[in-house]
Amino acid sequence: EEEKYASLRGKACKTQDHIEVELIANISQIKDLDFIIKSDARSVGLFRTEFIFMDQDRLPTEDEQYEIYKKITTAMSQGYVTIRTLDIGGDKESPLFDIPKEDNPFLGYRGIRLCLEEVEIFKTQLRAILRASVHGKIKIMFPMIASLTEIRQAKSILETCKQALDLEGKTYDKAIEVGIMIETPAAVVMADVFAKEVDFFSIGTNDLIQYTMAVDRSNLKISALYSQYDPAVLRNMKIIAEAANKENISVSICGEAAADIKLLPYWLGIGIHKLSMSVALIPEVKWTISQMTSTQGIEVVEALSKAGDVREVLKGLDLTAL
Ligand code: PEP
Ligand code: MG
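Residues numbered from 1 in each chain as written. Chains lettered and ligands numbered in written order. Predicted model: local features only at pLDDT ≥ 70, side-chain atom pairs only at ≥ 80, totals over all residues. Heavy atoms only, no water.

J.: Honestly, the packing of aromatic side chains in this entry has me stumped. Any pointers?
T.: In total, this model carries five aromatic pairs according to the counting rule given. Ring geometry for Phe47 against Tyr69: centres 6.2 Å apart, planes inclined by 85°, an arrangement best described as edge-to-face. Remark: Tyr69 occurs in helix H3 (residues 62-75) and Phe47 occurs in strand S2 (residues 44-48); sequence separation between them is 22 residues. Comparing Phe47 with Tyr69, the two get one shared label, buried. Cluster of aromatic residues (ring-pair linked, three or more members): Phe47, Phe51 and Tyr69. Just above the ring of Tyr80 sits the side chain of Lys139; from NZ or CZ to the centre is 4.0 Å. Geometry around Phe200 places Lys139 over its ring, the cationic atom sitting 5.7 Å from the centre. (Phe/Tyr/Trp six-rings, centres within 6.5 Å; stacked < 30°, edge-to-face > 60°. Helix = DSSP H or I, 4+ residues; strand = E, 2+ residues; numbered from the N terminus. Buried < 20%, exposed > 50% of the residue type's maximum accessible area, 1.4 Å probe, protein only. Lys NZ or Arg CZ within 6 Å of the ring centre and 35° of its normal.)

J.: Got a minute to help me understand the coordination of the magnesium ion (ligand 2) in this structure?
T.: Put simply, the ideal angle at a metal is 109.5 degrees for four donors in tetrahedral geometry and 90 or 180 degrees for six donors in octahedral geometry. Note on the magnesium ion (ligand 2): its protein donors are Glu183 (OE) and Asp207 (OD). The metal-donor distances range over 2.0 to 2.2 Å. On the criterion of sequence distance, the pair formed by Glu183 in the loop between strand S5 (177-182) and helix H7 (185-189) and Asp207 in helix H9 (residues 205-213) is long-range, its members being 24 residues apart. (Donors = N, O, S within 2.8 Å, 3.2 Å for Na, K, Ca; no water.)

J.: What exactly am I supposed to notice about the confidence of the model for the chain here?
T.: Regions with low pLDDT carry predicted coordinates that are not meant to be interpreted in detail. Predicted confidence across the chain gives a mean pLDDT of 95, with 99% of residues reaching 70 or more. With pTM at 0.97, the complex prediction returns an ipTM value of 0.99. (pLDDT = per-residue confidence, 0-100.)

J.: Looking at this model, I keep getting lost on H3. Mind explaining?
T.: Quick reminder: α-helices carry 3.6 residues per turn. Residues three or four places apart thus point the same way. Between its terminal C-alpha atoms H3 stretches 20 Å, which fits the 20 Å expected from 14 residues at 1.5 Å a residue. All of the buried residues in H3 are Glu62, Gln65, Tyr66, Ile68, Tyr69, Ile72 and Thr73. Seen from one end, H3 has its buried residues packed into an arc of 165°, which puts them on one side. Its buried side turned inward, H3 meets strand S1 (22-27), helix H2 (33-38), S2, strand S3 (80-84), helix H5 (119-132) and strand S4 (137-142). (Expected span 1.5 Å × (residues − 1). Arc of directions from axis to C-beta. Contact = heavy atoms within 4.5 Å.)

J.: How should the pairing of strand S8 (residues 274-277) be read in this particular structure?
T.: A regular strand carries its side chains on alternate faces of the sheet. Neither face of S8 is left uncovered, since the one carrying Lys274 and Ser276 and the one carrying Leu275 and Met277 both have all their residues buried. Here four bridges tie S1 to S8, and the two strands are oriented parallel to one another. Paired with Ala25 across the bridge in S8 is Met277. (Pairing = 2+ DSSP bridges.)

J.: What is the right way to look at the pairing of S1 in this model?
T.: Along S1, five of the six residues are buried, which leaves the element largely enclosed by surrounding structure. Of the crossover connections in this fold, the one passing from S1 over H2 to the parallel S2 is right-handed. (Right-handed = clockwise from strand over helix to strand, strands pointing away.)

J.: I'm lost on the packing of H3 against H5 in this one. Help?
T.: Each pair of packed helices gets described by two things: the angle between the helix axes and the distance between those axes. Between H3 and H5, the shortest axis-to-axis distance is 8 Å and the interhelical angle comes to 40°. It follows that H3 is oblique to H5 by the angle criterion. For the element pair H3 and H5, the recorded crossing hand is right-handed. For the pair H3 and H5, contact is made by Glu62, Asp63, Gln65, Tyr66, Tyr69, Lys70 and Thr73 and by Thr124, Gln125, Arg127, Ala128, Ile129, Arg131 and Ala132, respectively. Along the lines of polarity and charge, the residues of the contact of H3 with H5 split into five nonpolar, four polar and five charged. (Axes fitted to C-alpha atoms, helices over the stretch in contact; angles between N-to-C directions. Parallel < 35°, antiparallel > 145°, perpendicular 65-115°, else oblique. Left-handed = near helix turned anticlockwise from the far one by under 90°. Nonpolar A, V, L, I, M, F, W, Y, C, P; charged D, E, K, R; others polar.)

J.: Explain the UniProt feature "binding site: Mg(2+)" (unreviewed entry) in the chain here, please?
T.: Here the UniProt-annotated "binding site: Mg(2+)" (unreviewed entry) positions come out as Glu183 and Asp207. In sequence the annotated residues extend across 25 residues, while in space they remain close, none of their C-alpha pairs exceeding 5.5 Å. Owing to a relative accessible area of 2%, Glu183 belongs among the buried residues under this scheme. Each residue touching Glu183, except ones within four places of it in the same chain, is listed here: Pro143, Met144, Gly204, Asp207, Leu208 and Tyr211. Looking at Glu183, its side chain comes within polar contact range of the main-chain nitrogen of Met144, at 2.8 Å. Residue class for Asp207 comes out buried when judged on its relative accessible area of 3%. In this structure, Asp207 is in contact with Arg110, Glu183 and Arg217, ignoring residues within four places of it in sequence. (UniProt positions renumbered as here; feature names shortened; annotations may be inferred. Polar contact = N/O pair within 3.5 Å; in protein donor to acceptor, adjacent residues only side chain to side chain.)

Printed below as a string of structure tokens:
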């Protein structure tokens, strides 16, 4: 096992017919950075910034955040770092925020919704990210987007931050890319429109499964409904990939399903060639892709196109598996 993985280390991840798939890292804690540096990932597809807002009893300052973003960006000098702006709320609680008790926290005040209200907190983070962008390649990503208005508001606040930095004579990457997470059904349905507004999509399957199936991801009673193999979820993934590819913007997956071995041919088949995951999973994913052909991807998409439920999806995946 270990040996077959080791032989691929340092090489690009490619199928048998030389289609390249970019495997990049998810990071949720700065203490994981060493592990990431030692891994095979050259870039970060999802840097969850929530930990910066959970570990202490006050809000982090702009300089404190800048140092963290600078550190990770400098460390990943061969690639880029996708920094997701604060995604507090739902299952990610923080004592620093005054989130009212809600009946449905997953449908509540969270992610970009909170940032667009707490504009000063949002600006502090955006300024820190912009300032860090002179130390390497950074991409900015907004979470929990459900409407075009949110995208435009977030981008307009980002512009305000850039102008303020210009006036202060502080430098940043003027061409910094801005993307969104696709993790609500509204964003799936609107993907063709949203694709014209941003530089990239990253699919948050953890939340997208929950919202597509209307099943709380932490409720065990109904956990059977929470499945990346549900055809409703897979159809949503296909819609997103097609919208991104039509507009020629980058599309990746950064939820857990990115590393699902059974689904790798499907991801390639619908046109997703970038997967972000916990780095411990990269060797097996890389090896599996190295055994595949892109034709297999096309076949699996065809085989699943009429699948009606999870059982039929799994049957289709097994039939077309290696
Ligand atoms: C997701 O929802 O799939 C995701 C990557 O974000 P998080 O798990 O942090 O909500
Ligand atoms: Mg999410």
